[in-house]
Structure formats: structure tokens, C-alpha cells
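Residue strings, one per chain:
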Amino acid sequence: MHHFQYLNGVLHAEDVSLAAIADAVGTPFYVYSEATLRRHMRVFRKAFAGTDALVAYSVKANSNIAVLKILASEGAGADVVSGGELMRALKAGIAPSKIVFSGVGKTRDEIEAALAAGIYQFNVESEPELEAIDAVAQTKNTRAPIAFRINPDVAAGGHAKISTGKSEDKFGVPWSRARDLYKKARDLEGVEVKGVDVHIGSQISELAPFEAAFRKVAALIADLRSDGATIERLDLGGGLGIPYGEGATPPHPEAYADMIKQVTEPLDLQLIFEPGRMIAGNAGVLVASVIYLKEGEAKKFLIIDAGMNDLIRPALYDAWHDIWPVRETAEPREPFDVVGPVCESSDRFAAARALPPLAAGDLVALMSAGAYGASQTSQYNTRPLIPEVLVNGARLAVIRNRPAHEDMIANESAPDWLG
Ligand code: LLP
């Protein structure tokens, strides 16, 4: 459920009209509903109420500092994958004791920064990474708390590009090597084994692949314990899908939680979760203006002022985003290809999408764009990063500004020899 609805014929974020925001900040822009972010976090936490669970919001989904502050105030920790995300999480007031560090390519600098901050856990994705973390921690006379991310060899995920749990994927340590790696880690001075980690993909819309992976991992934990390892924590990653409007009905967090409790209860573990999309996805929309209506030979194109650099999901993962006109209308719909101004054929948000008649200057909202929208933007075609706006009831605040063109090139310089 989210807080974007029509009031008096105009689409609103909570109590604020998207047309009014467009007048104030210009298009395109992202707008987030604070009530929706809070609600999603509460739904997730409630599903695990009574369980020892840390909800470490996956910062990559939407890393705006205001979003992180809201989630921190709801008790969220953070799942970070870079030194930059770690800095953001700390700056937003998330306690280091609630931060886990994932990702296959942590550099020594990043490991050092995370150790200095005193994070809760490193999710280790390879043997060389184990050795690097051990070495850095030893030079700092400390021990890094670790879990190995296990690759359970289970297929999952809404699209091949966001599936991570198969043995051919780059993620995690191979299932067959897990017990040896835990034995190796036990003898290292710079690491302390705390748990096991698994994350199999994103936008997963059924429970079965989660359950298959989690059951495998639960069996592994029993083996590791019989090998003498101390396993106190189980990080189950993120990946729970959301409805994007194309008919998928992903499991409710309650059903996800029930399944997990069944699988993990006998093991007496602290659980860690890294939800991203489930928290932020339906809490944001991208608002754009129609620039032109172009009648092609075979199709009608709606050319809008947002491009694939602003929301790359349709181009990269063939993702579906509902497109709603900001002004409600009952006029009959007809098919349009909705495209951006970027010079790439993949700069297309929707093909043959049934929309009411729209004209230059009309506003449209690309729905469910709160996760992996603003956080995946680029400045391709020298298009400025677009503003992000936060709404709370009738209040609104710009939480990221649109840079001027001059600001965008301020870090560039030409060498002397070019005159
Ligand atoms: N934990 C790890 C280790 C991850 O790699 C991810 C997402 C998450 C947690 C959060 O997953 P979520 O709950 O959001 O599904 N850009 C793509 C999604 C990439 C997901 C990357 N990893 C998209 O727009 O669909």
C-alpha cells in the first residue's frame, strides 16, 4: 500500500499535488512519501515481532540521506556495499552496531573504514577477501566480525540480471567450499566468525526459491556447528518482490516471515534482513512532462523529459512501471510508446502502453520508482541528476537539488597543452 492517490482529479503524494511540486521544482523529479516509507518498515518489522531480528535496510535501493534518516528513526540498520554507502549510513545516524557490509569487491580502504567505524558484520564473499579482511584487521590489532555469504545454487529473481544465487553467479562462496572456509577462518587472528549469510536475488515473487535456499543454509549451519563453529547469526539478505502493477503478486511479508520462522526457529539464531525494494519501491514515483507527441508511421510516441539516465530499470531489466497521468481523465485510452530524449533505442519506458490522450506539457508519473530509481541515475547526455522531493502530509522538502550545467562540469579540466 502507498500514499499516492488522486484527490480532486490530480495525483497527490500524501496531501501534496504532484502538479504543485512540478510548478515548484520543474520536471523531471522523484518524489517520496514519508508515510509510505515508514509504513513499509513497520510492516516488515511487525512480521518479525518477537523474533531477534535486525532489519538492515539495503542502502543501494535508495540512498538519499533523508530516506536513511527516516528509516533509522524506525529502527533500521543498514546493508552497505561501498565506503560511500557506509559514510551515508553513519551520517544518517545509523549505529555502526546495525551496519553490515556486503559486496564481492571490498577494497582495503573500505575494509579499514568499516573496521574503524566498528560495524556489526562483514559478509565475506571469497577466500581472498577473507585473507584481506584478516590482514587489515591484524594491522589494526582488532578482529573483524564475519559471516560468509553462501552461494546456495538456487535460481531466483525477477530477471537474469538480478539473480545472484546460482553457482555461475559471481556472488558468495561456493556451497562445496563452505565448511573448509569456516575451518580456515577459525584459525585466523584477524577475524571472528559470527554467522552465515545468503542473498539469492531481487524482485523474487514467490516463497519457494527463498525456502529452498534457506533450508539448505539451515542444514549447513547444523554441519558447521558440528565442526565446532560458533554460528550466532543468520543474514537472509533481501529480495522480496513488490507489485509493479503488471499482475505479479509477491508474498506478503507476513507469509515470508512465517516461512522463515518455521525454517530457522530450531536453530536459535539472531536473524538479519537486508530489504531494499520492499521498503522504498512503492514509496516513490518519477514525475515527467510530455515534451512532444510524435506520430510515427506505425506508432505514436510520447516523448517525455525523463530519460533512461533518470530511471534505467526498463532499459536494463525490461522492467514494468505503471504510468499514470497526473490529471485524472476518463477519456478512452490508446497505445503509446513512452520514450525519453536520450539518444539510445533502449531509452523507452513502455511499449504500446494504453494511456489517455496527452499533450505537450501534461504530466505523467512513473509509479513504483522509489527503489533503484534515483540511486541508479547517471548524467549521460550531460543531463543533470534530477531533484528528489520528500513529502510528509502537506509538507514538502527538496532533498536533492538539480545541479546547474556549470556545476556538472566543475570537476573537469583541460590540461595546459590544450591552451
Ligand atoms: N542484499 C544484497 C546483498 C543485495 O545484493 C541486494 C540487492 C539486497 C540485499 C536488496 O535486495 P532487494 O530487497 O532490494 O531486492 N537494480 C535492480 C536490483 C538490484 C538488486 C541488487 N542487490 C533493479 O532495479 O531491479
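Conventions used here
Residues numbered from 1 in each chain as written. Predicted model: local features only at pLDDT ≥ 70, side-chain atom pairs only at ≥ 80, totals over all residues. Heavy atoms only, no water. Core = buried A, V, L, I, M, F, W, Y, C linked by side-chain atoms within 4.5 Å. Buried < 20%, exposed > 50% of the residue type's maximum accessible area, 1.4 Å probe, protein only. Helix = DSSP H or I, 4+ residues; strand = E, 2+ residues; numbered from the N terminus. Domains from an automatic or database assignment. Contact = heavy atoms within 4.5 Å. Near = heavy atom within 4 Å. Polar contact = N/O pair within 3.5 Å; in protein donor to acceptor, adjacent residues only side chain to side chain. Areas by Shrake-Rupley, 256 points an atom, 1.4 Å probe, with all protein chains shown as cover. Nonpolar A, V, L, I, M, F, W, Y, C, P; charged D, E, K, R; others polar. Buried area = accessible area lost by both parts, 1.4 Å probe. Pairing = 2+ DSSP bridges. 1 Å grid on protein atoms, 1.4 Å probe; cavity = no way out; pocket = protein on both sides within 12 Å on 5 of 7 lines; lining within 4 Å. Points joined across faces, edges and corners; volume = space filled by probe spheres on them. Arc of directions from axis to C-beta. Salt bridge = Lys/Arg side-chain N within 4 Å of Asp/Glu carboxyl O.

Trainee: Which residues make up the nonpolar core, and what values go with them?
Mentor: Tyr57, Phe122, Ile146, Phe148 and Phe214 are the most contacted members of the largest nonpolar core, which totals 107 residues. Considering each element in turn, this core owes the most residues, 8 residues, to helix α8 (residues 207–226). No fewer than three residues from each of domain 1 (4–32 + 281–408) and domain 2 (103–273) sit in this core. Apart from residues lying up to four places away in sequence, Tyr57 is in contact with Asn62, Val67, Leu68, Leu71, Ala76, Gly77, Ala78, Asp79, Pro275, Gly276, Ile279 and Ala280. Counting residues in hydrophobic clusters, the runner-up holds 19 residues, among them Phe4, Leu18, Ala22 and Phe29.

Trainee: A description of the site of the ligand should follow, citing residues and the corresponding values.
Mentor: Taken together, 18 residues surround the ligand, and among them Ser202, Glu274, Arg313, Tyr317 and Tyr372 come closest. Backbone polar atom of Gly276 to an oxygen atom of the ligand: 2.9 Å apart, as the coordinates give it. Arg277 places a main-chain nitrogen or oxygen 2.8 Å from an oxygen atom of the ligand. Computed on the free molecule, the ligand has an accessible area of 590 Å², of which 92% lies beneath the protein chains in the complex. When its residues are assigned to classes, the shell around the ligand shows 4 nonpolar, 8 polar and 6 charged.

Trainee: Got a sec to walk through the domain arrangement of the protein chain? Specific residues and values, please.
Mentor: Assigned domains within the protein chain: domain 1 (4–32 + 281–408) and domain 2 (103–273). With centres defined by C-alpha atoms, the gap from domain 1 to domain 2 works out at 36 Å. Taken together, the contact pairs 11 residues of domain 1 with 9 residues of domain 2. Interface of domain 1 and domain 2: buried area, both sides summed, is about 840 Å²; carbon and sulfur atoms make up 54% of it.

Trainee: Tell me about the sheet that holds strand β2 (residues 10–13), residues and numbers included.
Mentor: Pairing within the open sheet is antiparallel, and its 3 strands lie in the order β1-β2-β3. Only two strands of the sheet have a single neighbouring strand rather than two, namely β1 (4–7) and β3 (16–17).

Trainee: Break down the environment of Arg149 for me, citing the residues and quoting the values.
Mentor: Among the secondary structure elements, Arg149 is positioned in strand β9 (residues 144–151). Through-space distance from the C-alpha of Arg149 to that of Val173 is 6.1 Å; in sequence the pair is 24 residues apart. Here His199 takes part through its backbone oxygen, which lies 3.0 Å from a polar atom of the side chain of Arg149.

Trainee: Residues and numbers for the side chain of His199, please.
Mentor: Topologically, His199 is positioned in the loop between β11 (191–197) and α8. A distance of 3.4 Å separates the side chain of His199 from the backbone oxygen of Gly201, its partner in a polar contact. Engagement of the side chain of His199 in a polar contact is seen with the backbone nitrogen of Gly238, the distance being 3.0 Å.

Trainee: Which residues make up the environment of Phe4, and what are the values?
Mentor: Mapped onto the elements of the fold, Phe4 is located in strand β1. Sequence separation between Phe4 and Val173 is 169 residues, and the spatial gap between their C-alpha atoms is 41 Å.

Trainee: Give a detailed account of the layout of surface pockets, specifying residues and quantitative values.
Mentor: For the second largest pocket, the calculated volume is near 280 Å³. Forming the boundary of the second largest pocket are 14 residues, of which Met1, His40, Pro243, Pro253 and Met278 lie nearest the centre. A total of 3 residues in the lining of the second largest pocket trace back to one element, the largest contributor, which is helix α2 (residues 34–47). By residue class, the composition of the lining of the second largest pocket is 8 nonpolar, 5 polar and 1 charged.

Trainee: Would you mind going over helix α7 (residues 178–186) in detail, with residue names and values included?
Mentor: Since one α-helical turn is 3.6 residues long, residues separated by three or four positions face the same way. When α7 is considered as a whole, its buried residues turn out to be Ala178, Leu181, Tyr182 and Ala185. Across the axial projection of α7, the buried residues extend over an arc of 100°, all falling on one side. Against α6 (127–139), β9, β10 (173–174), β11 and α8 lie the buried residues of α7.

Trainee: Any chance you could break down the pattern of salt bridges for me, citing the residues and the numbers?
Mentor: Pairing of side chains with opposite charge becomes possible as their charged atoms draw close. Applying the stated criterion to the full structure yields 22 salt bridges. Lys184 serves as the salt-bridge partner of Glu131, at 2.5 Å between the closest nitrogen and oxygen. Here Lys184 lies in helix α7 and Glu131 lies in helix α6, a separation of 53 residues in the sequence. Judged by relative accessible area, which is 37%, Glu131 ranks as partly exposed. Notably, a salt bridge pairs Arg348 with Asp337, separated by 3.8 Å at the nearest N-O pair. Pair noted here: Arg348 is in strand β18 (residues 348–355) and Asp337 is in strand β17 (residues 334–339), with a separation of 11 residues, a long-range link. Take Arg348: its relative accessible area is 37%, and that puts it in the partly exposed class. Asp337 gets classed as buried once you look at its relative accessible area, which sits at 3%. Connected through salt bridges with shared partners, the residues Glu127, Glu131, Arg177, Asp180 and Lys184 form a single ionic network.

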